[in-house]
Amino acid sequence: MRKIPAALSALALGGLGALVPATSAQADNWACNDNYTAAAYGYMYAYNDIECHGGALGYSKSWDSDWGNSSGPFQGTDTNKASSILNKGSIAVKFFNGTGQDWGGGYVCLSKNELYASNIADDYFTGGNIQVTDNISSHKWVTNNRCSPTSWAT
Ligand SMILES: [Ca+2]
């Protein structure tokens, strides 16, 4: 999928309020609900800020083994940037701290039933003490039985 530089540019000019619908009076903790409703079925999304704010860094119904390279749905500065994530697919999304198609190292899983994680600042990748926020560098889809559930901090 293509990135959406137009939305990011609008965000830079208009500030955080730019992406909030004018008709919405909902509190911030409903923000990801709105994003989930608007999201395309079968896709995962990652956002620059918590509560699915700050613009989508990217969205994908496929995988991307390096969010910092120049190919795929996540590119360049998208790596080590996500602060909230969303899953509108039919299986789980596995997010990794590292890159590469060996899909090794610490990870977290967002099942389809969880819908989204609106603030990943207090969550950690498996096998270490690395915070998930601002440290996701790749992702792929996996069936739920191939990804141990993540105990998301709330
Ligand atoms: Ca990429």
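Note that the structure is predicted; figures quoted are calculated from it, not measured.

Let us look at the coordination of the calcium ion. The coordination sphere of the calcium ion contains the protein donors D64 (OD), D64 (OD), D66 (O), N69 (OD1), S71 (O) and F74 (O), at a distance range of 2.2 to 2.5 Å. Taken together, the six donor atoms coordinating the calcium ion and their angles of 52 to 170° define a geometry best described as irregular. Sequence spacing of the donors to the calcium ion: D-x1-D-x2-N-x1-S-x2-F. On the basis of relative accessible area, N69 is assigned to the partly exposed category, the value being 27%.

To continue, consider the pairing of strand β3 (residues 84-87). Here β3 shows no split at all, with S84 and L86 on one side and I85 and N87 on the other all buried. Sheet topology note: the strand β1 (residues 44-47)/β3 ladder contains four bridges and is antiparallel. Along β3, the bridge assignment pairs Y45 with L86. Where β3 lies against strand β6 (residues 116-117), two bridges are found, and the strand directions are antiparallel. Looking at the pairing, I85 lines up with A117 of β6.

A few words on unusual backbone geometry. The backbone phi angle of E51 is positive, close to 60°, even though this residue is not glycine. Tracing the chain through its elements places E51 in the loop between β1 and β2 (56-60). The exposure class of E51 is buried, given its relative accessible area of 15%. Phi is positive for C52, close to 60°, though the residue is something other than glycine. With respect to the helices, strands and loops of the structure, C52 is situated in the loop between β1 and β2. In this structure C52 comes out as buried when scored by relative accessible area, which is 4%.

As enumerated under the stated definition, the model contains two disulfides in all. Linked covalently through their sulfurs, C32 and C52 form a disulfide whose S-S length is 2.1 Å. Taking the sign of the torsion about the S-S bond as the criterion, the disulfide between C32 and C52, at about 95°, is right-handed. Here the residue C32 occupies a position in helix α2 (residues 31-38), and C52 occupies one in the loop between β1 and β2, the gap between them amounting to 20 residues. Take C32: its relative accessible area is 0%, and that puts it in the buried class. One disulfide in the model links C109 with C147; its S-S distance is 1.1 Å. Of this pair, C109 sits in strand β5 (residues 107-110) while C147 sits in the segment after β7 (138-142), and the two are 38 residues apart along the sequence. Judged on exposure class, the residue C109 and its partner C147 are both buried. Here the bonded cysteines of the protein are numbered in sequence order, and their pairing is 1-2, 3-4.

Calculation notes
- Residues numbered from 1 in each chain as written.
- Predicted model: local features only at pLDDT ≥ 70, side-chain atom pairs only at ≥ 80, totals over all residues.
- Heavy atoms only, no water.
- Donors = N, O, S within 2.8 Å, 3.2 Å for Na, K, Ca; no water.
- Tetrahedral: all angles 85-135°; square planar, octahedral: opposite > 155°, others 65-115°.
- Buried < 20%, exposed > 50% of the residue type's maximum accessible area, 1.4 Å probe, protein only.
- Helix = DSSP H or I, 4+ residues; strand = E, 2+ residues; numbered from the N terminus.
- Pairing = 2+ DSSP bridges.
- Disulfide = S-S within 2.5 Å.

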